[in-house]
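For reference, the chains in residue letters:
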Amino acid sequence: MDLDLSAPHSTGTTIIGVTYNGGVVLGADSRTSTGMYVANRASDKITELTDNVYVCRSGSAADTQVISDYVRYFLHQHTIQLGQPATVKVAANLVRLLSYQNKNMLQAGVIVGGWDKYEGGQIYSVPLGGTILRQPFSIGGSGSSYLYGFFDQAWKEDMTHEEAEQLVVKAASLAMARDGASGGVVRTVTINAEGVTRKFYGGDTLPLWHDELEPTNSLLDLLSSSVPEPMST
């Protein structure tokens, strides 16, 4: 089968947002594809909208990037006019408005997460079509179909930050093990009253599941190690 290299870059992906007792944790894999071709294996799918609100992007990379750019601009103007940071709800509704008004032209499903002084940590899901739904946790992208049963079992109220972080990383690694469009590394963003913390989990640090193979050296390393020593006189 011929690869369609002219196909739009698609973040067929795994994105996750989880609330915990004090804030939110967002997580995503890093594989961006063009059809069956991996265009970027270390992309960052968690994008800053304001100092206290971030968005996880899935669908068309171009569509979700332009939505993020527009919303970031509008929120900057909103902050200047009000003299205080925008709330998470305002940011999520701006994402919803752009997605809904352009639903026939966009392929974008996002999770908006953040913290504000009025309602604390919040997660809003804005799937294809521009619906908005506030949830205690949200999963999206092609890898999410492998995670619904897992979250039904693993999710619990009032988790600590450490529990929420471990849940996000474990869920992302599970989806990456089963979903061919998800892969690479896992990035997380924690947002709470203290600010924002980013973390990076390399592919060789993630847990392995069932029949996954242990990581090995690259082919180039194997080839270079097999070259015989030059003969000496």
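Residues numbered from 1 in each chain as written. Predicted model: local features only at pLDDT ≥ 70, side-chain atom pairs only at ≥ 80, totals over all residues. Heavy atoms only, no water.

## Thoughts on the overall build of the chain
Scanning the chain from terminus to terminus reveals 5 helices and 13 strands. In the chain, buried positions account for 44% of the 233 residues. Taking as baseline every contact in the chain between residues at least 6 positions apart, the subset at least 24 positions apart corresponds to 62%. Of the accessible surface of the chain, which amounts to about 12,800 Å², a share of 54% is contributed by carbon and sulfur atoms. (Helix = DSSP H or I, 4+ residues; strand = E, 2+ residues; numbered from the N terminus. Buried < 20%, exposed > 50% of the residue type's maximum accessible area, 1.4 Å probe, protein only. Contact = heavy atoms within 4.5 Å. Areas by Shrake-Rupley, 256 points an atom, 1.4 Å probe, with all protein chains shown as cover.)

## Structural notes on a nonpolar patch on the surface
Taken together, the side chains of Val-66, Tyr-70, Tyr-73 and Phe-74 define a hydrophobic patch exposed on the protein surface, amounting to about 390 Å² of accessible area. Looking at the secondary structure, you find Tyr-70 in helix α1 (residues 61-82). (Patch = residues over 30% accessible without salt bridge, like charges linked within 9 Å, V, L, I, M, F, W, Y side chains within 5 Å. Salt bridge = Lys/Arg side-chain N within 4 Å of Asp/Glu carboxyl O.)

## Side note on the nonpolar core
Nonpolar side chains in soluble globular proteins tend to be buried together. Ranked by internal contacts, the top residues of the largest apolar core, which has 21 residues, are Ile-16, Val-18, Leu-147, Phe-151, Trp-155, Met-159 and Leu-167. The set of elements that each furnish at least two residues to this core consists of β2 (15-20), β11 (137-140), α3 (148-154) and α4 (161-178). Element by element, the count of residues in this core is highest for α4, at 8 residues. Here Phe-151 is in contact with Ile-16, Val-18, Phe-137, Ile-139, Leu-167 and Ala-171, once residues within four sequence places are set aside. Counting 18 residues, the second-largest nonpolar core is a separate cluster that includes Ala-86, Val-88, Val-112 and Tyr-124. (Core = buried A, V, L, I, M, F, W, Y, C linked by side-chain atoms within 4.5 Å.)

## Some thoughts on the packing of aromatic side chains
For the structure on display, the rule yields 5 aromatic pairs. A ring pair is formed by Phe-137 and Phe-151, whose centres lie 5.0 Å apart and whose planes are at 15°; its orientation type is stacked. Taken as a pair, Phe-137 in strand β11 and Phe-151 in helix α3 lie far apart in primary sequence, 14 residues in all. Across the pair, Phe-151 and Phe-137 agree in class, each one buried. Just above the ring of Tyr-100 sits the side chain of Lys-103; from NZ or CZ to the centre is 3.9 Å. (Phe/Tyr/Trp six-rings, centres within 6.5 Å; stacked < 30°, edge-to-face > 60°. Lys NZ or Arg CZ within 6 Å of the ring centre and 35° of its normal.)

## Examining the UniProt feature "active site" (unreviewed entry) in the chain
In the UniProt entry, the feature "active site" (unreviewed entry) is given for Thr-13. You can call Thr-13 buried: its relative accessible area is 0%. Contact partners of Thr-13, with chain neighbours within four places excluded, come to Asp-29, Lys-45, Arg-57, Ser-58, Gly-140, Gly-141, Ser-142, Gly-143, Asp-179, Ala-181 and Ser-182. In this structure the side chain of Thr-13 is engaged in a polar contact, spanning 2.5 Å, whose partner is the side chain of Asp-29. (UniProt positions renumbered as here; feature names shortened; annotations may be inferred. Polar contact = N/O pair within 3.5 Å; in protein donor to acceptor, adjacent residues only side chain to side chain.)

## As for α4
If you check α4, its first and last C-alpha atoms are 26 Å apart, about what 18 residues at 1.5 Å a residue would give, namely 26 Å. Every buried residue of α4 is accounted for by Ala-164, Glu-165, Leu-167, Val-168, Val-169, Ala-171, Ala-172, Ser-173, Ala-175, Met-176 and Ala-177. If you follow the buried residues of α4, they end up packed against β2, β3 (23-28), α3, β12 (186-192) and β13 (195-201). (Expected span 1.5 Å × (residues − 1).)

## With respect to the environment of Leu-75
Relative to the helices and strands, Leu-75 resides in helix α1. Residue classification places Leu-75 among the buried residues on the basis of a relative accessible area of 0%. Each C-alpha atom, one on Leu-75 and one on Val-90, is 8.4 Å from the other, the two residues being 15 residues apart in sequence. Those residues in contact with Leu-75, other than ones at most four positions away along the chain, are Leu-49, Thr-50, Ala-86, Val-90, Ala-91 and Leu-94.

## Notes on the pattern of salt bridges
For the structure on display, the rule yields 5 salt bridges. Measuring nitrogen to oxygen at the nearest pair gives 2.9 Å for the salt bridge that ties Asp-69 to Arg-72. Of this pair, Asp-69 and Arg-72 both sit in helix α1, separated by 3 residues, roughly a single helical turn. In this structure Asp-69 comes out as partly exposed when scored by relative accessible area, which is 42%.

## With respect to the pairing of strand β9 (residues 120-126)
The element β9 is largely enclosed, with a buried count of 7 among its 7 residues. With 7 bridges joining them, strand β8 (residues 108-116) and β9 adopt antiparallel strand pairing. Paired with Val-112 across the two strands is Tyr-124, which belongs to β9. Hairpin geometry of β8 and β9 is characterised by an intervening segment of 3 residues between the two adjacent antiparallel strands. (Pairing = 2+ DSSP bridges.)

## Brief notes about the sheet that holds β3
Overall, antiparallel pairing links the 5 strands, which are arranged β11-β2-β3-β12-β13 in an open sheet. At either margin of the open sheet sits one strand with a lone partner, and together these are β11 and β13. In this sheet, adjacent strand axes meet at a mean angle of 15° when their direction is disregarded. Strands β2, β3, β12 and β13 of the sheet are contacted by α4, whose axis makes an angle of about 160° with β2. (Axes fitted to C-alpha atoms, helices over the stretch in contact; angles between N-to-C directions.)

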